Amino acid sequence: MYYVLSTAYTRRKGQLSYTDNRYTVESCEVCNGNFVNYSEPINFEIKGKICDFYSFDNINIISQEFLEVLKESRITGYEIRSAECLNLNSVAEKPVKYYEMIITGRCGLIYNMDFELLPHCSVCGRRLQCDDITHGVMFDDDDWDKSDIFAFNNISSLPIVTEELKNLLIKAKLVNLKFTELSNYDVFY
């Protein structure tokens, strides 16, 4: 089984510092979709208690402890970049280091549970959003690169993990992780 990794607590969230980040925007000529590329380091702020995982604005932030679990277990499908928590001194009792986790593992385009390809741009692959909810999604196993952490080609910031990695992260007792079975994950599409 495969699981979407998301944040468990809505009150323990992070947010980008829009005044302290540099970025560029690229647009698709066909669908007019915008792709924002942030420069390193990502600057963010924490709301609430300190956690090991934050996901916001298509960015995934992990703690040093989370990263150590990934490294020690030789987990594949990610890269890290530096991240800076701007208000860490006001929310943390002890020093915590954070990183942006870029998902490099891929599993192809997103399908519904009837194995129908969901709408996407024919040029950039970006998912085309609409008002409908798709209950449960999947991918073509032949398109999966077999990484431990991976994402759809057209939702590249949505972390999907294997059952083995899910169990490893639970055993490590990391804070703010929620796992939703891919077949039960709802997306607006």
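Summarised in this report is the structure supplied together with it. Computed from a prediction, not measured in an experiment: that's the story for all the values here. (Residues numbered from 1 in each chain as written. Predicted model: local features only at pLDDT ≥ 70, side-chain atom pairs only at ≥ 80, totals over all residues. Heavy atoms only, no water.)

### Let's talk about the overall build of the protein chain
- If you tally the helices and strands in the protein chain, you get three helices and 16 strands.
- In terms of overall dimensions, the protein chain is globule-like: its C-alpha atoms have a radius of gyration of 17 Å, near the 16 Å expected for 189 residues.
- Taken across its 189 residues, the protein chain has 43% of its residues classed as buried.
- Across the protein chain, every contact between residues at least 6 apart in sequence was considered, and the portion connecting residues at least 24 apart equals 72%.
- As presented, the protein chain carries roughly 10700 Å² of accessible surface, and 45% of it is formed by carbon and sulfur atoms.
- Taking the average place of the 19 positive charges on the side chains of the protein chain and the average place of its 28 negative ones, the gap between the two points comes to 9 Å. (Helix = DSSP H or I, 4+ residues; strand = E, 2+ residues; numbered from the N terminus. Rg over C-alpha atoms; globule rule 2.2 N^0.38 Å. Buried < 20%, exposed > 50% of the residue type's maximum accessible area, 1.4 Å probe, protein only. Contact = heavy atoms within 4.5 Å. Areas by Shrake-Rupley, 256 points an atom, 1.4 Å probe, with all protein chains shown as cover. Lys, Arg positive; Asp, Glu negative; His and termini not counted. Charge placed at Lys NZ, Arg CZ, Asp CG, Glu CD.)

### Side note on the pairing of strand β6 (residues 53-56)
- Sheet analysis places β6 next to strand β7 (residues 59-63), joined by four bridges and oriented antiparallel. Note on β7: the bridge partner recorded for Phe53 is Ile62. (Pairing = 2+ DSSP bridges.)

### Observations concerning the pattern of salt bridges
- Summed over the entire model, instances satisfying the criterion amount to two salt bridges.
- For the salt bridge of Glu100 with Arg81, the shortest nitrogen-to-oxygen distance reads 2.9 Å. Note that Glu100 is positioned in strand β9 (residues 98-103) and Arg81 in strand β8 (residues 78-85), a separation of 19 residues in sequence.
- Measuring nitrogen to oxygen at the nearest pair gives 3.8 Å for the salt bridge that ties Lys146 to Asp141.
- By relative accessible area, which is 47% here, Lys146 ends up partly exposed.
- On the basis of relative accessibility, which here comes to 40%, the residue Asp141 falls in the partly exposed class. (Salt bridge = Lys/Arg side-chain N within 4 Å of Asp/Glu carboxyl O.)

### So, the packing of aromatic side chains
- Scanning the model with the defined rule gives 13 aromatic pairs in all.
- Ring plane angle 80° and centroid distance 5.4 Å describe the contact between Phe139 and Phe150, whose orientation is recorded as edge-to-face. Here Phe150 lies in strand β13 (residues 149-152) and Phe139 lies in the loop between β12 (137-138) and β13, a separation of eleven residues in the sequence. Each member of the pair, Phe139 as well as Phe150, carries the same accessibility label: buried.
- Linked through ring pairs, Tyr2, Phe139, Trp144 and Phe150 together constitute an aromatic cluster.
- One Lys or Arg, Lys166, reaches over the ring of Tyr3 and ends 4.5 Å from the middle of that ring. (Phe/Tyr/Trp six-rings, centres within 6.5 Å; stacked < 30°, edge-to-face > 60°. Lys NZ or Arg CZ within 6 Å of the ring centre and 35° of its normal.)

### Remarks on the sheet that holds β8
- An order of β2-β5-β8-β9-β7-β6 is seen for the six strands of this open sheet, with the pairing classed as mixed. With partners counted over all chains shown, the strands left at the sheet margins are β2 (13-16) and β6, one partner each. Taken over all neighbouring pairs, the strand axes of this sheet differ in orientation by 40° on average, direction set aside.
- Here β2 pairs with strand β5 (residues 42-47) via four bridges, running antiparallel. (Axes fitted to C-alpha atoms, helices over the stretch in contact; angles between N-to-C directions.)

### Focus on the environment of Leu128
- If you trace the backbone, Leu128 turns up in the loop between β10 (111-112) and β11 (133-135).
- By relative accessible area, which is 31% here, Leu128 ends up partly exposed.
- Sequence separation between Leu128 and Cys31 is 97 residues; the distance between their C-alpha atoms is 8.2 Å.

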